[in-house]
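Residues per chain are reported as follows:
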Amino acid sequence: MELDQLKSIWQNDAAQSKEDAQLISIMSRRSNNPIARMKRNLLFELKAIVLLYGFTIAYYAYAFEGEMSEVSWFMIAIAVCFFIYYYRKNKLLNKMECLSCQVKSNLQRQVNTLEKYVKFYLLAGTALVPLTIVFFTWLLYVKSPLKPKSILYHSGAYAWWQTVLAWIVVVSVSTFLVYYANKWYVQKLYGNNITKLKQLLAEMNAD
Amino acid sequence: MQSNEQQQEFVQLLNQHQPLIHKVCNLYEQGPSDREDLFQEIVVQLWKAYPKFRGESKFSTWLYRIALNTAISGLRKRKNHIASFEPDNLPTDIQDEIYSKEKELQLDQLYSAIRQLSEIERALVMLYLEDKSYDEMEEILGINQNNLRVKMNRIKEKLRKLIKSEVWN
């Protein structure tokens, strides 16, 4: 078969069609594209956070006669960070694809934005850990009637540099552990997609 | 929210170009349900993008971009499917068509051969078979014309060999 013959076979293959009503029904459906699904998941995450944080903030503000209101303030601070996180992620998702752009530029855009998205995800997920450790250790120290005897709390038993060193070790180890766990997770979620997109792009750029 | 008038206009345009979308689906997906999913996704994306279509490029160029972008980089999860082309899986409309046995076989061989190419090569072959000029190919894919010519020569040769092996099989 010669290529010109293939063209005529190809161009004659045009018999499929759907009725107008079927098309209109399809048009009203929601997209199942992964980016659309990521946006829906992010919105669900936001609603869950508002509900869960709202309840926790209100609870600690009034329970124990307001003795634990620091927890509420901490949660408010984390919620503010989360809203920034939501805004940034949503912005990246909106920028992630341009389906009416040229195929190559759309691939380039997806690779760049997905890499930024993954970095941000990793950074935000990891940054929360030292903050939470420091806050709750401090809270335990301040609120506990019997001051805990630990190297993490400066007392006569340990020199100040020992306490500082202990803090550095605890925060660093837990942050690194969470960082690598997060890294493994984002790699599992997006790693293959990024590799595939890069391969496609390399193929387009190759001579 | 798009108006009824806009909807009618879009459906009319879609009807004129439906075979193109089906061809993209046949090239990029093998199972009938995967093809149907891809068809629906392309239509949803076209409809979503339609209000922004300003007519700066031809409707078909715009449609090719959205269809190919959705098929190539949509990061969709494929369902498990059999690797060979199955004429039984063709939409009923095609089955109803009276094809000569030879034409049917040739079409079968053509699709089987093209599916062995990479995603990018499939897009190039499709545009070639649709008789698109290098200008239009560049406008759709974003690959410069020199690079396109080199790639096209290589792919044509590859396709010839694949078709030969399909015929031989």
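To keep things clear, this report deals only with the structure shown in the data block.

What counts, and at which threshold
- Residues numbered from 1 in each chain as written.
- Chains lettered and ligands numbered in written order.
- Predicted model: local features only at pLDDT ≥ 70, side-chain atom pairs only at ≥ 80, totals over all residues.
- Heavy atoms only, no water.
- Helix = DSSP H or I, 4+ residues; strand = E, 2+ residues; numbered from the N terminus.
- Buried < 20%, exposed > 50% of the residue type's maximum accessible area, 1.4 Å probe, protein only.
- Polar contact = N/O pair within 3.5 Å; in protein donor to acceptor, adjacent residues only side chain to side chain.
- Contact = heavy atoms within 4.5 Å.
- Buried area = accessible area lost by both parts, 1.4 Å probe.
- Salt bridge = Lys/Arg side-chain N within 4 Å of Asp/Glu carboxyl O.
- Patch = residues over 30% accessible without salt bridge, like charges linked within 9 Å, V, L, I, M, F, W, Y side chains within 5 Å.
- Areas by Shrake-Rupley, 256 points an atom, 1.4 Å probe, with all protein chains shown as cover.
- Lys, Arg positive; Asp, Glu negative; His and termini not counted.
- Charge placed at Lys NZ, Arg CZ, Asp CG, Glu CD.

Considering the side chain of Ser-72 of chain A
All names here are of chain A. Position of Ser-72 relative to the elements: it lies in helix α4 (residues 69–95). Take Ser-72: its relative accessible area is 4%, and that puts it in the buried class. Only 3.0 Å separates the side chain of Ser-72 from the backbone nitrogen of Ala-61, close enough to count as a polar contact.

Observations regarding the interface of chain B and chain A
The interface is formed by 66 residues belonging to chain B together with 47 residues belonging to chain A. Both faces combined, the contact of chain B with chain A buries some 5300 Å², and carbon together with sulfur accounts for 60% of it. At the surface where chain B touches chain A, the tally comes to 3 salt bridges. Applying the counting rule to chain B against chain A returns 26 residue pairs in polar contact (both at pLDDT 80 or more). Of all the secondary structure elements, the ones that give two or more residues to the side of chain B that touches chain A are α1 (4–28), α2 (32–49), α3 (59–73), α4 (92–96), α5 (101–115), α6 (119–129), α7 (134–141) and α8 (145–168) of chain B. A per-element tally of the side of chain B that touches chain A places α1 of chain B first, with 12 residues.

Regarding a positive patch on the surface
Residues and elements named next belong to chain A. A cluster of like positive charges, contributed by Arg-88, Lys-91, Lys-95, Arg-109 and Lys-116, occupies part of the molecular surface. Sorting the residues of the positive patch by element identifies α4 and α5 (103–143) as the ones contributing at least two each. Of all the elements, α4 adds the most residues to the positive patch, at 3 residues. Along the chain, Arg-88 falls in helix α4.

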